[in-house]
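Listed below, chain by chain, are the residues.
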Amino acid sequence: NEYATQALERLLDTAGKKSSNPSELKLLVSLQGRLCSVVQQCVEVLEVDSVKEFSDNFVEVLDFILSQTVSAYEEIAEDALIACSSLMRKLDQEFDRYVETIKPHVMSYIRNTSHGQTCTVAVGVLSDLVGCLHENIAPYTQEFLSLLMEVLAVQGIDRSVKPQALSTFGDIANAIGANIEEFLPVIFPVLENAAESAIEPIHNAMDEDDVEFTNALRENLIEAYTSIFQSLTDEKANATPVLVSASGNVSKFLEYLQQICQDPNFSIDGIRLTAGLIGDCCRAFGPDIKPALGRDFVNYVVTRGRSSDDSATISTVEWMNKHYSRL
């Protein structure tokens, strides 16, 4: 706490300083970035009560940094955004009182799609904001979804943004539960469009960046779909009428998954997530879902999962296979 207090005092002191000299300004901003990172690391390790003692002052500084339009501050915007995320995760629902201060900055950096890395970080902050708001996200749901769809529609956007944006759809579903129903007509087409991209096989397995991106896209897509799916089941994991009415969409998504699984470069994490969704489908729909799955598809997922050395994947595929066998 002492380190955080000292760093914040210096941050507050430097926030009031200005310089017309580019070299001096660069040094000043660099110092602010380092101090911001120090406080952010303190937030990560301190207990929540200790963080609450200086959170007002920290948000004041973050608001200052993220408000600056001078190009020099672009270099530390990511530091400030990451600090926002740490504060959200630590304070959880108690971050609510800072939402109206920080949200406009997050939205602004997401819209600035010409800076791909910062945009991706900002979308991650939005995910954390959704997570800490829980059910209190309700007044912002339409605004957040519209922003995500706006960003995903930008031509030539840095591809790293897409997996993070898809993950945020799932976070929203987790936060609002069954209330996701009213947004399904706009969410499902977005997920289907992403699925069409995700089924493209990885042509060069030696290209680590391409393998990593494609699998991140697939994994986040499956996670988002699973979160929405689970939001539309009852307390016994059975399909609600809303989910039953969306069964055609579920079957279509399972077709996409079968195509994705044909790629030998599909990750083990992806196999685990696929097995989890198949198991959820078996529990929710019972025998009605069997034609959309097929024994060959299930057997492939079981075989890939069992051949891994990941205990969580093995456990998930066994759980899935048990529920499939009951159909």
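The following paragraphs examine the structure supplied in this document. Remember, it's a predicted structure, so these values are computed and weren't measured experimentally.

1. Considerations on the overall build of the protein
Helix and strand counts for the protein stand at 17 helices and 0 strands. Projected onto its principal axes, the C-alpha coordinates of the protein cover approximately 70 × 45 × 35 Å. Scored against the burial criterion, the 327 residues of the protein give a buried share of 51%. Intrachain contacts of the protein at a sequence separation of at least 6 include 73% that bridge at least 24 residues. Roughly 15,300 Å² of accessible area belongs to the protein as shown, and the carbon and sulfur atoms make up 47% of that amount. Separation between the mean location of the 24 positive side-chain charges and that of the 48 negative ones in the protein comes to 4 Å.

2. A closer look at the packing of helix α9 (residues 161-176) against helix α11 (residues 208-231)
At a closest axis distance of 8 Å, the pairing of α9 and α11 adopts a crossing angle of 15 degrees. By the criterion of interaxial angle, the relationship of α9 to α11 is roughly parallel. You can see that α9 and α11 cross each other, and the crossing is left-handed. Within the contact between the two elements, α9 uses K162, P163, Q164, L166, S167, F169, G170, A173 and N174 and α11 uses F213, A216, L217, N220, L221, A224, S227, I228 and S231. Classifying every residue of the contact of α9 with α11 gives 10 nonpolar, 7 polar and 1 charged.

3. Examining a negative patch on the surface
On the surface, D207, E208, D209 and E212 cluster together to form a negatively charged patch. Residue position: E208 is located in helix α11. Judged by its relative accessible area of 65%, E208 is exposed.

4. Description of the state of the cysteines
Disulfides are covalent bonds that link the sulfur atoms of two cysteine residues. In the structure shown here, the tally under the stated rule is 0 disulfides. Just so you know, C261 is unpaired, no disulfide at all, and the nearest cysteine sulfur is the one on C281, 13 Å from it. No disulfide involves C282; its sulfur sits 6.9 Å from that of C281, the nearest cysteine.

5. Some remarks on the nonpolar core
Membership of the largest hydrophobic core comes to 115 residues, with the highest contact counts inside it found for F58 and F95. For this core, the element with the most residues is helix α7 (residues 116-133), which contributes 10 residues. Here F58 is in contact with L8, C36, V39, Q40, V43, A83 and L87, once residues within four sequence places are set aside.

6. Section: the packing of aromatic side chains
Evaluated as defined, the whole model comprises 5 aromatic pairs. Among the aromatic residues, those joined into a cluster by ring pairs are F188, Y225 and F253.

7. Quick notes on the pattern of salt bridges
If you walk through the whole model with that rule in mind, you get 11 salt bridges. Salt-bridge contacts for E44 lead to R89; the nearest nitrogen and oxygen are separated by 3.1 Å. Residue E44 is located in helix α2 (residues 22-45), and its partner R89 is located in helix α5 (residues 74-91); the two are separated by 45 residues in the primary sequence. For the salt bridge of R97 with D56, the shortest nitrogen-to-oxygen distance reads 3.7 Å. Within this pair, whereas R97 is found in the loop between α5 and α6 (99-111), its partner D56 is found in helix α4 (residues 55-67), the two being separated by 41 residues in sequence. Accessibility expressed as a relative area gives 47% for D56, which makes it partly exposed. By sharing partners, the salt bridges in this structure join E44, R89 and D128 into a single network.

8. Quick word on the side chain of T274
As for its position among the elements, T274 is in helix α14 (residues 268-285). Look at T274 and you get buried, because its relative accessible area is 0%. When residues no more than four places from it in sequence are discounted, the contact partners of T274 are I222, L257, C261, F266, F297 and V301.

9. Brief notes about the environment of H323
Residue position: H323 is located in helix α17 (residues 311-325). H323 gets classed as buried once you look at its relative accessible area, which sits at 13%. Excluding residues that lie within four positions of it along the chain, H323 makes contacts with G279, C282 and R283.

10. Focus: α11
Taking 1.5 Å of rise per residue, the 24 residues of α11 would be expected to cover 34 Å, and the 34 Å separating its terminal C-alpha atoms lies within 8% of that figure. The buried fraction of α11 amounts to 18 of the 24 residues, a majority that puts the element mostly inside the structure.

About the thresholds
- Residues numbered from 1 in each chain as written.
- Predicted model: local features only at pLDDT ≥ 70, side-chain atom pairs only at ≥ 80, totals over all residues.
- Heavy atoms only, no water.
- Helix = DSSP H or I, 4+ residues; strand = E, 2+ residues; numbered from the N terminus.
- Buried < 20%, exposed > 50% of the residue type's maximum accessible area, 1.4 Å probe, protein only.
- Contact = heavy atoms within 4.5 Å.
- Areas by Shrake-Rupley, 256 points an atom, 1.4 Å probe, with all protein chains shown as cover.
- Lys, Arg positive; Asp, Glu negative; His and termini not counted.
- Charge placed at Lys NZ, Arg CZ, Asp CG, Glu CD.
- Axes fitted to C-alpha atoms, helices over the stretch in contact; angles between N-to-C directions.
- Parallel < 35°, antiparallel > 145°, perpendicular 65-115°, else oblique.
- Left-handed = near helix turned anticlockwise from the far one by under 90°.
- Nonpolar A, V, L, I, M, F, W, Y, C, P; charged D, E, K, R; others polar.
- Patch = residues over 30% accessible without salt bridge, like charges linked within 9 Å, V, L, I, M, F, W, Y side chains within 5 Å.
- Salt bridge = Lys/Arg side-chain N within 4 Å of Asp/Glu carboxyl O.
- Disulfide = S-S within 2.5 Å.
- Core = buried A, V, L, I, M, F, W, Y, C linked by side-chain atoms within 4.5 Å.
- Phe/Tyr/Trp six-rings, centres within 6.5 Å; stacked < 30°, edge-to-face > 60°.
- Expected span 1.5 Å × (residues − 1).

Note that every value here comes from positions in space, so none of it alone points to a role or purpose.
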